[in-house]
Amino acid sequence: MTSVVPLPTPKPRTARLVLVTPDGAVVGSLPPVTVSTPWWQEAEPVVSAVRERHGIEVTILRLLAAQGERPHGGPVTYLAEVAQPVPAEPWHGTLDEQPLRHPYARPGGPAADLAWALKVLAGHGMHPVAAPVQIRTWNLSSLWRIPVEGQQVWLKVVPPFFAHEGRLLARLADQPVPRLLGHEGGRILLAEIPGEDLHEAGLPVLLDMVTLLVGLQHAWLGRGNELLALGLPDWRAPALTEAITSVVDRTASALSAQDRSVLADFLGDLSRRFAEVATCGIGDTLVHGDFHPGNVRGTPQAITLLDWGDSGVGHPLLDQPAFLSRVAGDALGTVRAHWVQQWRQAVPGSDPERAAALLAPVAAARQAVIYQRFLDRIEPAEWPYHSVDPVEWLQETAVLLRSEAQSGT
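Residues numbered from 1 in each chain as written. Predicted model: local features only at pLDDT ≥ 70, side-chain atom pairs only at ≥ 80, totals over all residues. Heavy atoms only, no water.

1. A look at the environment of Leu-207
Here comes step 1: Looking at the secondary structure, you find Leu-207 in helix α4 (residues 203-219).
Here comes step 2: What makes Leu-207 buried here is its relative accessible area of 18%.
Here comes step 3: The spacing of Leu-207 and Arg-336 is 129 residues in sequence and 9.3 Å in space, taken between C-alpha atoms.
Here comes step 4: Those residues in contact with Leu-207 that lie beyond four places of it in its chain are Thr-334, Val-335 and His-338. (Helix = DSSP H or I, 4+ residues; strand = E, 2+ residues; numbered from the N terminus. Buried < 20%, exposed > 50% of the residue type's maximum accessible area, 1.4 Å probe, protein only. Contact = heavy atoms within 4.5 Å.)

And the structure:
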């Protein structure tokens, strides 16, 4: 998930580690290290910097404290696990207990996840050829790279609100999604995907991405109950109306009077808006939830749609705004026209262009819902990752609604 507004250039990240042993006993803290990337959730450069400076192997467990309003750069303190006590400075803080803490953020949690992954690999006749590498950890996922003979496999562990990803990937096994080696609860073990991440893909590949997504969504039209049974969240009109109303009410005090007025009118008109969307002829289906070129990997000849943790059930054109926001201006019209053509071909007589226009502010408001739900389901120390996002997405919703009113659409 990404923020609604462009972020300023992040400050350099300096990371201080508070160390604990697998039984949770506090060892002390290490002096700060400067790391090569500013993103708080990126664990690999922190682990590497500590190894190079102190000769210590650590596993990052969770964020303890950070300065600044955005999850990028600046001084940050992590809790990290070491196998046994090592020389460290005294630390006089207190480690609390939190009911919403994820298992992989606790001492022993990552080791349990890796033990599960190794068992799954053994069942496939695959064995590590080097130590697993911790890539990322935060409130939305823990990610490890495990080198095995001939490839790299990926262990992804997600919180309960994303645990449907493994079940969905199993159901989509014959589709252009990551190949699942195993899943259990929030644990997912994935085979390597040849190629590269396609953040900077050109026009032909962008069109292929849209074609693949629309093809998947068309296949799941009218099968929403099957997806809900897998645990995917409900973003159909009634549920989404209730959720948007709730997040507007909860964040009203942080919004301007003008935005509150615009959003109140929006809420009062939502039932009519959704009814008009329904007349456009495209029903509810599988929604990726975070569809953009960075969540696609492969080669120009074969691409794979990644990261289905944000998936849900709703109108497929809820996926369009995030993707188009990352398409360069000279390609934007072509991609948009291709999207319309794909749905008109899939559902003859439909009006995807009108549906997309009606859903643009709904899609922005849905993002506010998603981020508020993150905040409701994670421990307070992790709130800095998402704290301003619900308000910013509602502000963006108001901007879109004012633009819509001015254009008369």
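Right, picking up where we left off after that structure.
2. Topic: the environment of Asp-307
Here comes step 1: One can find Asp-307 in the loop between β13 (302-305) and β14 (312-314).
Here comes step 2: Judged by its relative accessible area of 25%, Asp-307 is partly exposed.
Here comes step 3: Each residue touching Asp-307, except ones within four places of it in the same chain, is listed here: Lys-156, Glu-165, His-288, Asp-290 and Asn-295.
Here comes step 4: Of the polar contacts made by the side chain of Asp-307, one reaches the side chain of Lys-156; its length is 2.9 Å. (Polar contact = N/O pair within 3.5 Å; in protein donor to acceptor, adjacent residues only side chain to side chain.)

3. Here we look at the side chain of Thr-285
Here comes step 1: Within the secondary structure, Thr-285 is located in strand β11 (residues 285-287).
Here comes step 2: Exposure remark for Thr-285: the relative accessible area of 0% places this residue in the buried category.
Here comes step 3: With near-sequence residues (within four places) excluded, Thr-285 lies in contact with Gln-217, Trp-220, Leu-221, Leu-227, Gly-312, Val-313, Gly-314 and Pro-316.

4. Things to note about the environment of Gly-314
Here comes step 1: Within the element layout of this structure, Gly-314 appears in strand β14.
Here comes step 2: C-alpha of Gly-314 to C-alpha of Trp-235: the two residues are 79 residues apart in sequence and 4.7 Å apart in space.
Here comes step 3: Ignoring sequence-local partners within four residues, the contact set of Gly-314 consists of Trp-235, Arg-236, Gly-283, Asp-284, Thr-285 and Val-287.

5. Re the sheet that holds strand β12 (residues 296-299)
Here comes step 1: Taken in spatial order, the three strands line up as β10-β12-β13 in an open sheet, and their pairing is antiparallel. Unpaired on one side and paired on the other, β10 (196-197) and β13 mark the two borders of the sheet.
Here comes step 2: Taken together, the four bridges between β12 and β13 define a ladder with antiparallel strand orientation. Paired with Thr-299 across the bridge in β13 is Ala-302.
Here comes step 3: Lying over the sheet, α4 contacts β12 and β13, oriented at roughly 55° with respect to β13. (Pairing = 2+ DSSP bridges. Axes fitted to C-alpha atoms, helices over the stretch in contact; angles between N-to-C directions.)

6. Some points on the packing of aromatic side chains
Working definition: an aromatic ring pair is given by the centre-to-centre distance plus the angle between the planes.
Here comes step 1: If you walk through the whole model with that rule in mind, you get nine aromatic pairs.
Here comes step 2: Ring geometry for Phe-291 against Trp-339: centres 6.0 Å apart, planes inclined by 90°, an arrangement best described as edge-to-face. Of this pair, Phe-291 sits in the loop between β11 and β12 while Trp-339 sits in helix α9 (residues 329-346), and the two are 48 residues apart along the sequence.
Here comes step 3: For Trp-339, a relative accessible area of 0% puts it in the buried group.
Here comes step 4: Centre to centre, the rings of Tyr-371 and Phe-374 are 5.6 Å apart; their planes meet at 85°, and the pair counts as edge-to-face. Of this pair, Tyr-371 and Phe-374 are both found in helix α10 (residues 352-377), three residues apart, which corresponds to roughly one turn of the helix. Residues Tyr-371 and Phe-374 agree in their burial class; the two are buried.
Here comes step 5: Members of the aromatic cluster, connected to one another through ring pairs, are Phe-161, Phe-162, Tyr-371 and Phe-374. (Phe/Tyr/Trp six-rings, centres within 6.5 Å; stacked < 30°, edge-to-face > 60°.)

7. Quick notes on the confidence of the model for the protein chain
Here comes step 1: Looking at the protein chain as a whole, its pLDDT mean stands at 94, while 96% of the residues score no less than 70.
Here comes step 2: When the criterion is pLDDT under 50, residues 1-7 qualifies, and its contacts beyond four places in sequence or with other chains add up to 22 contacts. (pLDDT = per-residue confidence, 0-100.)

8. Description of the nonpolar core
Here comes step 1: Grouped together as the largest cluster of nonpolar side chains are 98 residues, with contacts concentrated most on Leu-17, Val-58, Met-209 and Trp-339.
Here comes step 2: Counting residues per element, this core draws most heavily on α10, at 13 residues.
Here comes step 3: If sequence neighbours within four positions are ignored, Val-58 has contacts with Leu-17, Leu-19, Val-47, Val-50, Ala-80, Glu-81 and Val-82.
Here comes step 4: Among the nonpolar cores identified, the runner-up in size contains 16 residues, and Leu-114, Leu-155, Leu-181 and Leu-189 belong to it. (Core = buried A, V, L, I, M, F, W, Y, C linked by side-chain atoms within 4.5 Å.)

9. Structural notes on the sheet that holds strand β6 (residues 141-148)
Strand pairing within a sheet occurs via backbone hydrogen bonds; the two strands may be parallel or antiparallel.
Here comes step 1: Read from one edge of the open sheet, five strands run β5-β6-β7-β9-β8, paired in antiparallel fashion. Sheet topology places β5 (133-138) and β8 (180-184) at the edges, where each strand pairs with a single neighbour. When the angles between neighbouring strand axes are averaged without regard to direction, this sheet yields 15°.
Here comes step 2: The sheet contacts of helix α2 (residues 109-123) involve β6, β7 (151-157), β8 and β9 (187-190), and relative to β9 the element is tilted by about 45°.
Here comes step 3: Lying over the sheet, helix α3 (residues 164-171) contacts β7, β8 and β9, oriented at roughly 140° with respect to β8.

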